[in-house]
Amino acid sequence: MATRLKEVDAVMVGMGWTGSIMARELTKAGLNVVGLERGPDIKPAEDFAMPHIRDELRYVQRLEIIQDPAMETLSFRHRPSEQALPMRRMGSFLPGNGVGGAANHWGGQHWRYLPSDHQTRSNILNRYGAKALPEDMTVQDWAMTYDELEPYYDRFEKLCGVSGKAGNLRGQKVDGGNPFEGARQNDYPTPPVKMTESALMYAKACKELGYHPFPQPASTISQPYTNTEGLALGGCQYCGHCERAGCEANAKAGPHICVLPVLRADPKFELRVHSWVSRLTYDKAAKKVTGVVYTDTRTGEEYEQPAGMVVLSAYVFGNIGLLLHSGIGEPYDPATQKGAVGRNYCYQLSRIGLTMFFKDKNFNPFMGSPGSMMVIDDFDGDNFDHTGLGFFGGCRIQTGHGEGRPIAYRPTPPGTPRWGSAWKKAAVDNYQHALSIGMSGSNYANRNNYVDLDPTYKDQLGRPLLRLTYNFVENDYKLAEYCMSKVVEIAKVMNPTVMGSPRLRKGDYDIVPYQSTHNTGGTIMGTDPKTSVVNRYLQSWDASNLFIMGASTFPQQPAYNPTGPVGALAYWAADAIVSKYLKNPGPLVHA
């Protein structure tokens, strides 16, 4: 029997970016808020301090701050006809664990989605015809336009102090920025980070081909900055230890330095760590949730936390699982395409590209940050004509050095043995001289890619594991091949001493090697309850006091990384709750 606690105004399930932002906005509105976090507390002054934080073995190889699959995992299969098996080690993607979530170990690449990304389905049909979309491509429009979300993109950038250069200020194109971005009202809060030699070489080649290189927008910021909460961030040290680790300089934005210091000090907020929410309590007849049930992972004791409002602010799989485990909404069935929970799961085409070697160049790859890159967007989204290409979507293509760490970074030319003295010699000889052009591609929804409950395997709480059914489809392969042809074109202009072989994904999706932690979908937004889980304010169609945050609400995955839109949507939803819902509780949009 769960111990029933005193009711609070609102409870956050997960204390990463969205839980922290939403809790901050609701406490400012006068609500008493409890933040529940499955993992431990993490504080930069204690957990991200020198010298231990620059430990590649601990953080990058042994995944110190990544979700433990022995505690919670999912099962996987490529297609509905197969038997799924549980993941016993995190590989292809790395969900975070603890206060701050994935923001503790992200690289800091910070994007706004293109205006056409917000209207993917309408844009394709309008530009290429009513029958352009393949029958199995279930892409949908976002429930709000880019222009509607623009002030919230801006607000999140100012919270993080994002470094970058605008390419479209109030409709006026700006040289040196991204000419394809949607109009922005303000430039980035801080200037771009320093570029590496490799990034500058890449930009020069792109310009010679008539493309439009610009500096990567980044939340590993270029200079000290005081954010909109009055909190101080430091400037990037270019140490190259950003991904999978924290930042001792407080230069990499995250909720732990951008929001939580003021939230922790607010008497209206209470943080409870090691609190694993197993289900929501749901009154289906009233179409409301009444609270959550969670287990203290240190004692095994179970608690019921009544709440006037519940915000699901966990990672993608956490949000989907809590709906399925709580019986909220109709699970998606790929055979009938009925049901919305678990629908439109998408991933990202990543860790593909081409490596080159320049005998007369020393790139010093041990210095840099994920923001030390130059990017082109000429073949991203719908920035180019797809007529006759046989696919939709695209890639952003970039180059720079930002993670040349001593254990994992060992580029060698084609033909090098994979072990032994010859490999060792090649690794030493080429460490300074390698350069890679990387691609990050969109992944559009397919009717057979989805998430449901596994009928066989269970987690530590006895609940069915989530079952992920996913594979690449023809659109992904064609998209990657087309964009790779552009990479090869650029590489030839750069004139390397040795040209590597293109790295493309072939065959079935492989869930073992790391590719990207950018999972999306499963609780998607929309205008129709039959094909979406939440409305334009991220409010559940099935429970008016339930709001769902994060990338699980994305109908498909554009080429950009998702954190910028995730933060913008949190502010968008918080604004709707404070300005509309609290004054008149109930559905903000009627089906």
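Presented here is an overview of the structure given in this document. (Residues numbered from 1 in each chain as written. Predicted model: local features only at pLDDT ≥ 70, side-chain atom pairs only at ≥ 80, totals over all residues. Heavy atoms only, no water.)

Relative to the helices and strands, Ala45 is located in helix α2 (residues 44–47). Given the relative accessible area of 71%, Ala45 is considered exposed. As a C-alpha pair, Ala45 and Phe547 span 502 residues in sequence and 32 Å in three-dimensional space. (Helix = DSSP H or I, 4+ residues; strand = E, 2+ residues; numbered from the N terminus. Buried < 20%, exposed > 50% of the residue type's maximum accessible area, 1.4 Å probe, protein only.)

What follows deals with the sheet that holds strand β4 (residues 74–77). On the basis of which strands lie adjacent, the open sheet formed by 4 strands has the order β5-β4-β20-β19 and mixed pairing. For this open sheet the edge positions go to β5 (85–86) and β19 (450–458), each flanked by a neighbour on one side alone. Here helix α10 (residues 316–326) sits on the sheet and contacts β4, β19 and β20 (464–469); the angle it forms with β19, its principal contact strand, is near 70°. (Pairing = 2+ DSSP bridges. Contact = heavy atoms within 4.5 Å. Axes fitted to C-alpha atoms, helices over the stretch in contact; angles between N-to-C directions.)

The antiparallel open sheet is built from 6 strands, whose spatial order is β8-β16-β17-β18-β15-β21. Either end of the sheet is taken by a strand with one partner, and the two such strands are β8 (214–215) and β21 (498–499). Where strand β16 (residues 373–376) and strand β17 (residues 395–400) come together, 4 bridges link them in antiparallel fashion. By the bridge assignment, Met373 is partnered in β17 with Gly400.

In this section: unusual backbone geometry. Along the chain, Met50 connects to Pro51 via a cis peptide bond; the corresponding omega equals 0°. Considering the arrangement of structural elements, one finds Pro51 in the loop between α2 and α3 (56–61). Look at Asn344: it is not a glycine, yet its phi comes out positive at around 60°. With respect to the secondary-structure elements, Asn344 resides in the loop between α10 and β15 (349–357).

All chains considered together, the criterion is met by 35 aromatic pairs. Here the aromatic rings of Tyr470 and Tyr509 are separated by 5.0 Å at their centres, their planes lie at 85°, and the arrangement is edge-to-face. A residue pair is termed long-range when its members are at least 10 positions apart, and Tyr470 in the loop between β20 and α12 (474–494) and Tyr509 in the loop between β21 and β22 (546–548) qualify at 39 residues. Ring geometry for Phe547 against Tyr581: centres 5.5 Å apart, planes inclined by 85°, an arrangement best described as edge-to-face. Taken together, the residues Phe547 in strand β22 and Tyr581 in helix α13 (residues 563–581) connect sequence positions 34 residues apart. Judged by relative accessible area, Phe547 falls into the buried class, the value being 0%. On the accessibility criterion, Tyr581 (4% relative accessible area) is buried. Of the aromatic side chains, those joined through ring pairs into one cluster are Phe76, Phe93, Tyr315, Phe317, Tyr345, Tyr347, Tyr470, Phe472, Tyr477 and Tyr509. (Phe/Tyr/Trp six-rings, centres within 6.5 Å; stacked < 30°, edge-to-face > 60°.)

What follows concerns the pattern of salt bridges. Evaluation of the coordinates by the stated rule reveals 31 salt bridges. The shortest N-O distance in the salt bridge between Glu403 and Arg351 comes to 3.6 Å. Here Glu403, found in the loop between β17 and α11 (420–430), pairs with Arg351, found in strand β15; they are 52 residues apart in sequence, far enough to count as distant. Its relative accessible area of 31% is what places Glu403 among the partly exposed residues. Relative accessible area serves as the criterion here: at 36%, Arg351 is assigned to the partly exposed category. Between Asp452 and Arg467 there is a salt bridge, and its shortest N-O distance comes to 2.7 Å. Of this pair, Asp452 sits in strand β19 while Arg467 is found in strand β20, placing the two residues 15 residues apart along the sequence. Linked through salt bridges whose partners overlap, the residues forming this network are Arg112, Glu150, Glu157, Glu181 and Arg184. (Salt bridge = Lys/Arg side-chain N within 4 Å of Asp/Glu carboxyl O.)

What follows covers the side chain of Ser516. Structurally, Ser516 is set in the loop between β21 and β22. At 3.0 Å, the side chain of Ser516 and the side chain of His518 are in polar contact. Excluding anything up to four places from it in sequence, Ser516 contacts Ser92, Phe93, Tyr347, Gln348 and Ser350. (Polar contact = N/O pair within 3.5 Å; in protein donor to acceptor, adjacent residues only side chain to side chain.)

Turning to the environment of Tyr152, a few remarks are in order. Mapped onto the elements of the fold, Tyr152 is located in helix α6 (residues 146–160). Under the relative-accessibility criterion, Tyr152 is labelled buried at 14%. Residues Tyr152 and Leu312 lie 160 residues apart in sequence; the distance between their C-alpha atoms is 20 Å. Not counting residues within four places of it along the chain, the set of residues in contact with Tyr152 comprises Ala568, Tyr571, Trp572 and Asp575.

On to the state of the cysteines, then. Counting across every chain of the model gives 0 disulfides. Here Cys160 is not cross-linked by a disulfide; its sulfur's nearest cysteine counterpart is in Cys258, at 5.0 Å. Here Cys346 stays unpaired: no disulfide links it, and the sulfur of Cys395, its closest cysteine neighbor, is 15 Å away. The class of Cys346 is buried, set by a relative accessible area of 1%. (Disulfide = S-S within 2.5 Å.)

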